[in-house]
Amino acid sequence: MFMLTEYGADANIHHQTENLGDALNWTQPFYPETFQIKTHEY
């Protein structure tokens, strides 16, 4: 059996924010580094 999976969250180094509430809107193409870092920490 072979399984291919993905770990983590997408991020764009050009997208930055201090407020993660902005990053949780899945209808917008906004993927800040902070969101990826917090996903990794959790």
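Look a little higher up for the structure.
Below you will find a few notes about this structure.

## A closer look at the overall build of the protein
- A tally of helices and strands in the protein yields one helix and zero strands.
- Counting the 42 residues in the protein, one finds 14% classified as buried.
- Within the protein, residue pairs in contact and separated by at least 24 positions form 22% of the contacts whose partners lie at least 6 positions apart.
- Of the roughly 3900 Å² of accessible surface on the protein, 56% is carried by carbon and sulfur atoms.

## Considerations on the pattern of salt bridges
- Scanning all chains against the criterion turns up one salt bridge.
- Put simply, Glu41 and Lys38 hold a salt bridge, and the shortest N to O gap is 3.2 Å. On the criterion of helical spacing, the pair formed by Glu41 and Lys38 is a turn pair, its members being three residues apart in helix H1 (residues 33–41).
- Residue classification places Lys38 among the partly exposed residues on the basis of a relative accessible area of 31%.

## Digging into the environment of Glu41
- Of the residues examined, Glu41 reaches a relative accessible area of 52% and is grouped as exposed.
- Only 3.2 Å separates the side chain of Glu41 from the side chain of Lys38, close enough to count as a polar contact.

## Section: the side chain of His15
- Residue position: His15 is located in the segment before H1.
- Apart from residues lying up to four places away in sequence, His15 is in contact with Pro29, Phe30, Tyr31, Pro32 and Glu33.

Cut-offs applied
- Residues numbered from 1 in each chain as written.
- Predicted model: local features only at pLDDT ≥ 70, side-chain atom pairs only at ≥ 80, totals over all residues.
- Heavy atoms only, no water.
- Helix = DSSP H or I, 4+ residues; strand = E, 2+ residues; numbered from the N terminus.
- Buried < 20%, exposed > 50% of the residue type's maximum accessible area, 1.4 Å probe, protein only.
- Contact = heavy atoms within 4.5 Å.
- Areas by Shrake-Rupley, 256 points an atom, 1.4 Å probe, with all protein chains shown as cover.
- Salt bridge = Lys/Arg side-chain N within 4 Å of Asp/Glu carboxyl O.
- Polar contact = N/O pair within 3.5 Å; in protein donor to acceptor, adjacent residues only side chain to side chain.

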